[in-house]
Amino acid sequence: MLAVLVLAGGEGALADEVQRGEVLFRSCRSCHSLDPGQQGMAGPSLDGLAGRLLGSAWGFDYSPGFRAARTQGLRWDAERLKAYLGDPDSVVPGGWMSPPGGLGEADRAALAAFLLSR
């Protein structure tokens, strides 16, 4: 994805997408934190998501679907995250997250870019 953005407009395009993703993330804050030590939320901390095993954030009680994904060694990357944001159950069946409403493909890409940049 980075190579495509660099060719399309350089690092500025990537920075713009990450910034737009940060704005989109505001609606996710009711369930998710970007503080790796914060517990007690409906969803796990999303800090350090790039390359992280699915279902492996410290201190979060994951669904059986996420525990199975972790056992399989599945990791977060841009394509998996964008797919998950579009249809969580298609990526992690029984994963307990409702799909975020109203996110088009460009929004999912921006949100993924932001989350993977942290």
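Everything here concerns the structure above.
Below: a short report on this structure. Note that the structure is a prediction, hence the values are computed from the model and not measured. (Residues numbered from 1 in each chain as written. Predicted model: local features only at pLDDT ≥ 70, side-chain atom pairs only at ≥ 80, totals over all residues. Heavy atoms only, no water.)

Looking at the packing of aromatic side chains
Aromatic ring pairs are described here by two measures, namely the spacing of the ring centres and the angle between the planes. Counted according to the given criterion, the structure contains 6 aromatic pairs. Ring geometry for F25 versus F114: centroids 5.7 Å apart, planes at 45°, classification tilted. One end of the pair, F25, is in helix α2 (residues 11-25); the other, F114, is in helix α6 (residues 105-116), with 89 residues separating them in the sequence. Grouping residues by exposure puts F25 and F114 together as buried. On the basis of an interplanar angle of 45° and a centroid distance of 6.4 Å, the ring pair of F66 and W76 is categorised as tilted. Placement of the pair is F66 in helix α3 (residues 64-71) and W76 in the loop between α3 and α4 (78-86), with a sequence separation of 10 residues. Taken together, the ring pairs in this structure connect F60, Y62, F66, W76 and Y84 into an aromatic cluster. (Phe/Tyr/Trp six-rings, centres within 6.5 Å; stacked < 30°, edge-to-face > 60°. Helix = DSSP H or I, 4+ residues; strand = E, 2+ residues; numbered from the N terminus. Buried < 20%, exposed > 50% of the residue type's maximum accessible area, 1.4 Å probe, protein only.)

A look at the nonpolar core
One broad trend across soluble globular proteins is that nonpolar side chains are buried collectively. Of all hydrophobic cores here, the largest spans 22 residues; its most connected members are F25, F66, W76, L81, L111 and L115. Within the residue set of this core, elements represented by two or more residues are α2, α3, α4 and α6. Among all residues touching L111, those that are not within four sequence positions of it are G21, L24, F25, C28, L85 and L103. (Core = buried A, V, L, I, M, F, W, Y, C linked by side-chain atoms within 4.5 Å. Contact = heavy atoms within 4.5 Å.)

Notes on α3
Taken residue by residue, α3 has G65, F66 and A69 as its buried positions. Axial view of α3: buried residues confined to an arc of 95°, hence all on one face. Summarising the contacts, the buried residues of α3 are in contact with α4. (Arc of directions from axis to C-beta.)

Remarks on the layout of surface pockets
Approximately 510 Å³ is the volume attributed to the largest pocket. As for the largest pocket, its lining consists of 30 residues, of which H32, G43, P44, Y84 and M97 are closest to the centre. Contributing elements (two or more residues each) for the lining of the largest pocket: α4 and α6. With 3 residues, the single largest contributor to the lining of the largest pocket is α4. Split by residue class, the lining of the largest pocket holds 20 nonpolar, 9 polar and 1 charged. (1 Å grid on protein atoms, 1.4 Å probe; cavity = no way out; pocket = protein on both sides within 12 Å on 5 of 7 lines; lining within 4 Å. Points joined across faces, edges and corners; volume = space filled by probe spheres on them. Nonpolar A, V, L, I, M, F, W, Y, C, P; charged D, E, K, R; others polar.)

Description of the packing of α4 against α6
Close contact between α4 and α6 brings their axes to 9 Å; oriented N to C, the two are set at 130°. As summarised for this structure, α4 and α6 are arranged oblique, according to the angle between their axes. In the crossing of α4 with α6, the sense of the turn from one axis to the other is right-handed. From α4, A78, L81, K82, L85 and G86 reach across to α6, where they touch R108, A109, L111, A112, L115 and L116. (Axes fitted to C-alpha atoms, helices over the stretch in contact; angles between N-to-C directions. Parallel < 35°, antiparallel > 145°, perpendicular 65-115°, else oblique. Left-handed = near helix turned anticlockwise from the far one by under 90°.)

Read these as geometric descriptors, not functional statements.
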